[in-house]
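What the coordinates show
Given next are the chains, with one letter for each unit.
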Amino acid sequence: MAKKTTKTASRAATPVDIGVAPAQRAAIAQGLERLLADTFTLYLTTHNFHWNVTGPMFNSLHDMFMQQYTELWNAIDPIAERIRALGHVAPASYAQYARLSSLPDAPAEPPKAMEMVRILALGHEAVARTARVLFPLADEAHDEPTADLLTQRLSVHEQTAWMLRSLLEE
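Note that the coordinates shown come from a computational prediction; the quantities given were computed from them, not determined experimentally. Within every chain, residues take consecutive numbers counted from 1 along the sequence as written. Predicted model: local features are reported for residues with pLDDT of at least 70 only, side-chain atom pairs are reported and counted for 80 or more only, and whole-chain, interface and lining totals are derived from all residues. The basis for the side-chain values is all heavy atoms of the structure; hydrogens and waters are excluded.

**Overview of the overall build of the protein**
A helix here means a DSSP run of H or I that spans at least four residues, while a strand means a run of E at least two residues long, and both kinds are numbered starting from the N terminus. Along the backbone of the protein there are six helices and zero strands. Across the protein, helices and strands are ordered from the amino to the carboxyl terminus as α-α-α-α-α-α. Overall size of the protein, expressed as C-alpha extent along the three principal axes, is 65 × 40 × 20 Å. Relative to its 170 residues, the protein shows a buried fraction of 41%. The contact rule is simple, with two residues in contact once any of their heavy atoms fall within 4.5 Å. Looking at the protein alone, contacts between residues at least 24 apart form 82% of all its contacts between residues at least 6 apart. Here's how the labels work: a residue is buried when its accessible area is under 20% of the maximum for its type, exposed when over 50%, partly exposed in between, all with a 1.4 Å probe on protein chains only.

**Some thoughts on the layout of surface pockets**
Cavities and pockets were defined on a 1 Å grid built over protein atoms only: a cavity is a set of grid points that admits a 1.4 Å probe from which the probe cannot escape, a pocket is an open set flanked by protein on both sides within 12 Å along at least five of seven lines, and lining residues are those with an atom within 4 Å of any such point. Grid points are joined across faces, edges and corners, and a volume is the space filled by probe spheres set on the points. Its boundaries defined by the atoms lining it, the largest pocket holds a volume of some 160 Å³. Contributing elements (two or more residues each) for the lining of the largest pocket: helix H2 (22-52) and helix H4 (94-100). Each residue is assigned to one class: nonpolar for Ala, Val, Leu, Ile, Met, Phe, Trp, Tyr, Cys and Pro, charged for Asp, Glu, Lys and Arg, and polar for all the others, Gly among them. For the lining of the largest pocket, a count of residues per class yields seven nonpolar, two polar and one charged.

**Focus on the packing of aromatic side chains**
Ring geometry is summarised as follows: Phe, Tyr and Trp rings, the Trp one being its six-membered ring, pair when their centres sit within 6.5 Å, and such pairs are stacked at plane angles under 30 degrees, edge-to-face over 60 and tilted between the two. This model, assessed by the stated rule, comprises six aromatic pairs. An angle of 50 degrees between the planes, with centres 6.4 Å apart, marks the rings of Phe 40 and Tyr 94 as tilted. Placement of the pair is Phe 40 in helix H2 and Tyr 94 in helix H4, with a sequence separation of 54 residues. A relative accessible area of 13% means that Phe 40 is categorised as buried. Considering the side-chain rings of Tyr 43 and Tyr 69, the 6.2 Å spacing of their centres and the 75 degrees angle between planes classify their relative orientation as edge-to-face. Of this pair, Tyr 43 sits in helix H2 while Tyr 69 sits in helix H3 (residues 58-85), and the two are 26 residues apart along the sequence. Assessed through its relative accessible area of 13%, Tyr 69 is described here as buried.

**Concerning the nonpolar core**
By nonpolar core we mean a set of buried residues, namely Ala, Val, Leu, Ile, Met, Phe, Trp, Tyr and Cys, connected to one another through side-chain atoms within 4.5 Å. Counting 42 residues, the largest nonpolar core has Leu 32, Leu 35, Leu 36, Leu 61, Phe 65 and Leu 150 as the members making the most contacts within it. Elements represented by at least two residues in this core include exactly H2, H3, H4, helix H5 (113-140) and helix H6 (144-168). When residues in this core are grouped by element, the largest group, eleven residues, is from H5.

**Looking at unusual backbone geometry**
A positive phi angle is found at His 142, which is not glycine, with a value near 55 degrees. Position of His 142 relative to the elements: it lies in the loop between H5 and H6.

**Things to note about the environment of Val 16**
With respect to the helices and strands, the residue Val 16 is situated in the loop between helix H1 (2-12) and H2. Relative accessible area serves as the criterion here: at 30%, Val 16 is assigned to the partly exposed category. Along the backbone, Val 16 and Ala 131 are 115 residues apart, and their C-alpha atoms lie at a distance of 24 Å. Leave out the neighbours within four places in its chain, and Val 16 touches Arg 25, Ala 85, Leu 86 and Gly 87.

**A short note on the pattern of salt bridges**
The term salt bridge refers to a side-chain nitrogen of Lys or Arg lying within 4 Å of a carboxyl oxygen of Asp or Glu. What the rule picks out here adds up to five salt bridges. Ionic pairing is found between Glu 71 and Arg 153, a salt bridge with its closest N-O pair at 2.6 Å. A residue pair is termed long-range when its members are at least 10 positions apart, and Glu 71 in helix H3 and Arg 153 in helix H6 qualify at 82 residues. In this structure Arg 153 comes out as buried when scored by relative accessible area, which is 5%. Ionic pairing is found between Arg 82 and Asp 143, a salt bridge with its closest N-O pair at 2.7 Å. Placement of Arg 82 in helix H3 and of Asp 143 in the loop between H5 and H6 is noted, with a sequence separation of 61 residues between them. For Arg 82, a relative accessible area of 15% corresponds to the buried category. Residue class for Asp 143 comes out buried when judged on its relative accessible area of 1%.

Below, the structure written as structure tokens:
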């Protein structure tokens, strides 16, 4: 048993030296944890709406929501892996996501189609704000991989929010 503890301790003690100071890596990782939680929460809400949308726009919204939740699902892994590359553990439980996310959970009762669109537009705007707040930390630390990830996420969320808001205009 002592060998196992020693082996685990030596693995945990392996320093991360990627040219970003430990305090900066910790602050960036904490911001990425919030981005991951927001992304996962928005993914769940979007998938929920894909399953539960009804009404005259069913086909187009059902397909659009599928494209959106697929994009969100594919974004989760790179965010979590960036947290790991910075030497931190990526959160991966509903309880952690609920604590870290700035987004509310999906409504228990599915709303009408256009309310779904409104909720998703607000969600994408919120995720963009979460990413934008983190950008100066990555920039100050010269953490180009994180800055690149944030730029990509901002582009997706801002464009998706615009497209969803466009559906709400009469």
